[in-house]
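Each chain is listed here by its residues.
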Amino acid sequence: MTTSHYIAGRWVEGQGSDCISVNDPALGQPFAELMAASVAQVDQAVTAARDALPAWKNTSASERAAYLRGFAEQLGQRREALITLQMRNNGKPRHEAEIDLDDAIATFGYYAELAEQLPSKNRDVPLAAPGFSARTRLEPVGVVGLIVPWNFPLVTSAWKLAPALAAGCTVVLKPSEVTPLIEQAYGQIADALGLPAGVLNIVNGKAETGAALSNHNGLDKLSFTGSNSVGSQVMRSASAQCRPVTLELGGKSAIVVFDDCDVGQAVEWIVAGITWNAGQMCSATSRLLVQDGIADTLLPRLQAALEQLRVGNPLTEEVDMGPLTSQAQWLKVAGYFATAREEGLQRLAGGKALDRDGWFVSPTLYADVPKDSRLWTEEIFGPVLCARRFATEEQAIAEANDSRFGLVATVCSADPERAERVADALEVGHVWINSVQAVFVETSWGGTKGSGIGRELGPWGLSAYQSVKHVTRCLG
Ligand code: NAD
């Protein structure tokens, strides 16, 4: 049983009613347990954050930047432990766990720099009207609740924590109950750096704990990453209290492959876009649109590439893909395999759970999937790729945009002008041309349509935690 809640600068045991098992998905076995935070403990965490706000928001931007650099450094010092924990609890292959850690480190470093630039953003505003002066102040939004999922625990939390702290907000973070140990590093680092008590609080738990946080009337904003169904509940809580919310939700993203592509290179991009993190990515490019002229060559090579992937336990084997992270996710993906059989889909690869301990499935490809198939329209969150063919650029754009989601897309073409034109026409928040899943902290992250509200990363990620104030003075 681990003590895993960080409230007002102290580690405390959970007093909630839920016992949370922390599992190794490659074995399908628990390796730790913790008690969830109670509703009263969530309240204590919000109160601690509120008490800490006046002093924290008045620290200098350079002081906050120094803490953020400290987070980056201390993450680096915990490198091996954090990589191993992600491999063990998420089932990530080592190289993916390393990328996640490096992403989190880069995020803290980037927002340290942005924090240092803050004073220059508070500036005089030239007015056309005579007799008045005006100036802008960018102020922290206040006390912020941060609720995150399990698929990229270090990264998703860093994308929220770093800009929130840089802006001068105080926070209550609720990690996912599937991966509750990984973000404890952020509390341990806060301790090591002497971050003032209450600036960062961490409460663990399931839906009850999340709801206690998102319903709490002591928050000034809530930033949520997760499923659409929970996102809409979080939005209802925010609307009941008329307060802002950022929502990073699901996706069903397209990868569009034109027939001028190098087939071998396209196959690599397609495989990475659906098998990294075992396909458990909001940004998985799970709808393949392949042009007629290349489809008959590409699909067999894609099938072979998926079948050759090494799937196994990242802690004990050299693997390209690990297990699904939770039993619930494994059952969900298996449910889609059953649906595919009922719908009579043409299966080119996979489509089954692996016959071994743990929550493994094989990388899966269905071809010529009808547009109304549930597998074409719904987010599966596993290594399950559905393919359709297209003839023209217009048809590719129309099919890619025909989704209730709008998170990302990938365009593969040897013609740069066409690739840029298609990228501009896609109704999504982020497009990759001839690359896959490359996320840089300077760019933005977030979706259109059902994929959410607001943006993370870049200067937009900081703005999400800032409120604009103008002071206008009569000079007369
Ligand atoms: P989830 O919605 O089930 O859970 C997300 C978080 O919400 C968890 O911490 C959970 O405990 C909490 N929660 C559950 N019920 C709650 C409630 N009633 N009130 C408040 N909080 C509650 O999502 P998940 O299964 O952890 O993650 C997978 C989903 O996240 C996928 O849909 C994926 O696309 C999405 N996601 C989106 C992004 C993005 O950037 N757009 C990134 C990662 C994951």
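Everything below is about the structure shown above.
In this text, all values refer to a predicted model and were calculated from it rather than measured experimentally. (Residues numbered from 1 in each chain as written. Predicted model: local features only at pLDDT ≥ 70, side-chain atom pairs only at ≥ 80, totals over all residues. Heavy atoms only, no water.)

J.: Run through the overall build of the chain, naming residues and quoting values.
T.: Helix and strand counts for the chain come out as 15 helices and 21 strands. Over its C-alpha atoms the chain spans a radius of gyration of 23 Å, differing by no more than 12% from the 23 Å that the globule rule assigns to 476 residues. Taken along its principal axes, the extent of the C-alpha atoms in the chain is 75 × 60 × 40 Å. Residue burial in the chain is summarised as follows: out of 476 residues, 58% are buried. A fraction of 72% describes how many contacts in the chain between residues 6 or more apart in sequence connect residues 24 or more apart. (Helix = DSSP H or I, 4+ residues; strand = E, 2+ residues; numbered from the N terminus. Rg over C-alpha atoms; globule rule 2.2 N^0.38 Å. Buried < 20%, exposed > 50% of the residue type's maximum accessible area, 1.4 Å probe, protein only. Contact = heavy atoms within 4.5 Å.)

J.: Which residues make up the site of the ligand, and what values do they have?
T.: Taken together, 30 residues are adjacent to the ligand, and Val148, Glu177, Ser227, Leu249 and Glu379 come closest. When the ligand sits alone it has 850 Å² of accessible area, and the protein chains cover 89% of it. Of all the elements in the fold, those that place two or more residues in the shell around the ligand are helix 7 (207-214), strand 9 (221-225) and helix 8 (228-240). Among the elements that take part in the shell around the ligand, helix 7 stands out by supplying 4 residues, more than any other. Classifying every residue of the shell around the ligand gives 15 nonpolar, 10 polar and 5 charged. (Near = heavy atom within 4 Å. Areas by Shrake-Rupley, 256 points an atom, 1.4 Å probe, with all protein chains shown as cover. Nonpolar A, V, L, I, M, F, W, Y, C, P; charged D, E, K, R; others polar.)

J.: Provide a residue-level description of the sheet that holds strand 15 (residues 384-390), including the pertinent values.
T.: Within the open sheet, the 7 strands sit side by side as 13-14-15-12-11-17-18. Their pairing is mixed. Each edge of the open sheet is held by one strand with a lone partner, namely strand 13 (346-349) and strand 18 (430-433). For this sheet, the mean angle separating the axes of adjacent strands, direction not counted, is 25°. Pairing analysis gives 3 bridges linking strand 14 (residues 364-367) to strand 15, with the strands arranged parallel. By the bridge assignment, Tyr366 is partnered in strand 15 with Cys386. The sheet contacts of helix 10 (residues 292-308) involve strand 11 (254-257), strand 12 (287-291), strand 13, strand 14 and strand 15, and relative to strand 12 the element is tilted by about 140°. (Pairing = 2+ DSSP bridges. Axes fitted to C-alpha atoms, helices over the stretch in contact; angles between N-to-C directions.)

J.: Outline the pairing of strand 6 (residues 143-147), supporting the account with residue identities and numerical values.
T.: Along any regular strand the residues' side chains alternate between the sheet's two faces. When you tally the buried positions in strand 6, you get 5 out of 5 residues, the bulk of the element. In strand 6, alternate side chains face the same way, and those of Val143, Gly145 and Ile147 on one face and Val144 and Leu146 on the other are all buried. You can see the chain leave strand 6, run along helix 5 (residues 153-167) and come back into strand 7 (residues 170-174), and the turn it takes is right-handed. Where strand 6 meets strand 9, 4 bridges bridge the pair, whose relative direction is parallel. Paired with Ile147 across the two strands is Phe224, which belongs to strand 9. (Right-handed = clockwise from strand over helix to strand, strands pointing away.)

J.: Can you tell me about helix 7, naming the residues and giving the values?
T.: Residues of helix 7 that are buried: Thr209, Gly210, Ala212, Leu213 and Ser214. Structurally, helix 7 contributes buried residues whose contacts are with helix 1 (39-57), strand 6, strand 7, strand 9 and helix 8.

J.: Residue-level account of the pattern of salt bridges, with values.
T.: With the rule as written, the count across this model stands at 20 salt bridges. With a shortest N-O distance of 2.7 Å, Glu80 and Arg94 are connected by a salt bridge. In this pair, Glu80 sits in helix 3 (residues 79-90) while Arg94 sits in helix 4 (residues 94-121), placing the two residues 14 residues apart along the sequence. With a shortest N-O distance of 3.6 Å, Arg94 and Glu98 are connected by a salt bridge. (Salt bridge = Lys/Arg side-chain N within 4 Å of Asp/Glu carboxyl O.)

J.: If you had to explain the nonpolar core to someone new, which residues and values would you point to?
T.: Counting 97 residues, the largest nonpolar core has Phe108, Tyr111, Tyr186, Leu288, Leu298 and Leu302 as the members making the most contacts within it. For Leu302, the contacting residues outside a window of four places in its chain are Val267, Ile270, Val271, Leu288, Leu365 and Leu385. The next biggest cluster of nonpolar side chains, apart from the first, holds 32 residues, and it includes Met321, Phe390, Ala396 and Ala419. (Core = buried A, V, L, I, M, F, W, Y, C linked by side-chain atoms within 4.5 Å.)

J.: A description of the side chain of Lys252 should follow, citing residues and the corresponding values.
T.: Checked against the element boundaries, Lys252 lands in the loop between strand 10 (245-248) and strand 11. Buried charged residue Lys252 carries no salt bridge. Nearest counter-charge: Glu378, at 8.0 Å. Within the structure, the side chain of Lys252 is placed 2.8 Å from the backbone oxygen of Leu375, a separation counted as a polar contact. In this structure the side chain of Lys252 is engaged in a polar contact, spanning 2.8 Å, whose partner is the backbone oxygen of Glu378. Beyond its immediate chain neighbours, meaning those up to four positions away, Lys252 contacts Ser286, Arg287, Leu375, Trp376, Thr377, Glu378, Glu379, Ile380, Ser403 and Phe405. (Lys, Arg positive; Asp, Glu negative; His and termini not counted. Polar contact = N/O pair within 3.5 Å; in protein donor to acceptor, adjacent residues only side chain to side chain.)

J.: Tell me about the pairing of strand 11, and name the residues and values.
T.: What you see with strand 11 is no split at all: Ala254 and Val256 on one side and Ile255 and Val257 on the other are buried throughout. When strand 11 meets strand 12, the two strands line up parallel, connected through 4 bridges. When the sheet's bridge partners are listed, Val256 is paired in strand 12 with Leu289. Assessed by its sense of winding, the connection that carries the chain from strand 11 through helix 9 (residues 263-275) to strand 12 is right-handed. One ladder, built from 4 bridges, connects strand 11 with strand 17 (residues 408-412); its direction is parallel. Among the inter-strand pairings, Val256 is bridged to a residue of strand 17, identified as Val411.

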